[in-house]
Amino acid sequence: NLLDSCHQAAFGEALGRRAITATTDARFFGLYAGIPALVYGPLAEDYHGFDERVSLESLRKVTQAIALFVADWCGLTPA
């Protein structure tokens, strides 16, 4: 799919999938609007802890993948 290919382009590796028992606000899109949603973001550690942190390199690459995704989704082509 599109996110897979954009992630591959930014990271140079396949997008992994992870099921978790936590919940996010993404659930409301499906529950109340019938819109499928997913959570995609950078690598992080100690979520909601006093020393929660995110990998800045991962954040940079996720930002690139999202930019590629939006550009393709909107039909943009290189100038």
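Details of the structure are given in the entry above.
Not measured: the values here are computed from a predicted model. (Residues numbered from 1 in each chain as written. Predicted model: local features only at pLDDT ≥ 70, side-chain atom pairs only at ≥ 80, totals over all residues. Heavy atoms only, no water.)

Draft legend 1. Examining the overall build of the protein more closely. Along its length, the protein carries three helices and two strands. Written out in order from the N terminus, the α and β elements of the protein read α-α-β-β-α. Over its C-alpha trace the protein gives a radius of gyration of 15 Å, far above what one expects of a compact globule, namely 12 Å for 79 residues. Dimensions of the protein along its principal axes, counting C-alpha atoms only, are 45 × 35 × 20 Å. (Helix = DSSP H or I, 4+ residues; strand = E, 2+ residues; numbered from the N terminus. Rg over C-alpha atoms; globule rule 2.2 N^0.38 Å.)

Draft legend 2. Region of interest: helix α3 (residues 56–73). In this model, α3 (18 residues) spans 25 Å end to end at C-alpha, consistent with the 26 Å of a helix rising 1.5 Å per residue. The set of residues buried in α3 consists of S58, V62 and A65. Projected down its long axis, α3 shows its buried positions confined to an angular sector of 60 degrees, all on one face. Buried residues along α3 sit against α1 (2–11). Downstream of α3 by a residue or two, G75 has a phi angle that is positive, lying close to 80 degrees. (Expected span 1.5 Å × (residues − 1). Buried < 20%, exposed > 50% of the residue type's maximum accessible area, 1.4 Å probe, protein only. Arc of directions from axis to C-beta. Contact = heavy atoms within 4.5 Å.)

Draft legend 3. A look at the layout of surface pockets. In this structure, the largest pocket spans a volume of roughly 1400 Å³. Around the largest pocket, the lining is made up of 35 residues, and of these R18, L38, V39, Y40 and G41 lie nearest the centre. Elements with a minimum of two residues in the lining of the largest pocket: α1, β2 (53–54) and α3. Here the residues of the lining of the largest pocket are counted per class, giving 21 nonpolar, eight polar and six charged. (1 Å grid on protein atoms, 1.4 Å probe; cavity = no way out; pocket = protein on both sides within 12 Å on 5 of 7 lines; lining within 4 Å. Points joined across faces, edges and corners; volume = space filled by probe spheres on them. Nonpolar A, V, L, I, M, F, W, Y, C, P; charged D, E, K, R; others polar.)

Draft legend 4. Here's a closer look at the packing of aromatic side chains. As enumerated under the stated definition, the model contains two aromatic pairs in all. On the numbers, 5.7 Å between centres and 15 degrees between planes, the contact of F28 with Y32 is stacked. In this pair, F28 and Y32 both sit in helix α2 (residues 27–33), four residues apart, roughly one turn of the helix. When the ring of F69 is compared with that of W73, the centres are 5.6 Å apart and the planes differ by 20 degrees; the resulting orientation is stacked. Of this pair, F69 and W73 both sit in helix α3, separated by four residues, roughly a single helical turn. (Phe/Tyr/Trp six-rings, centres within 6.5 Å; stacked < 30°, edge-to-face > 60°.)

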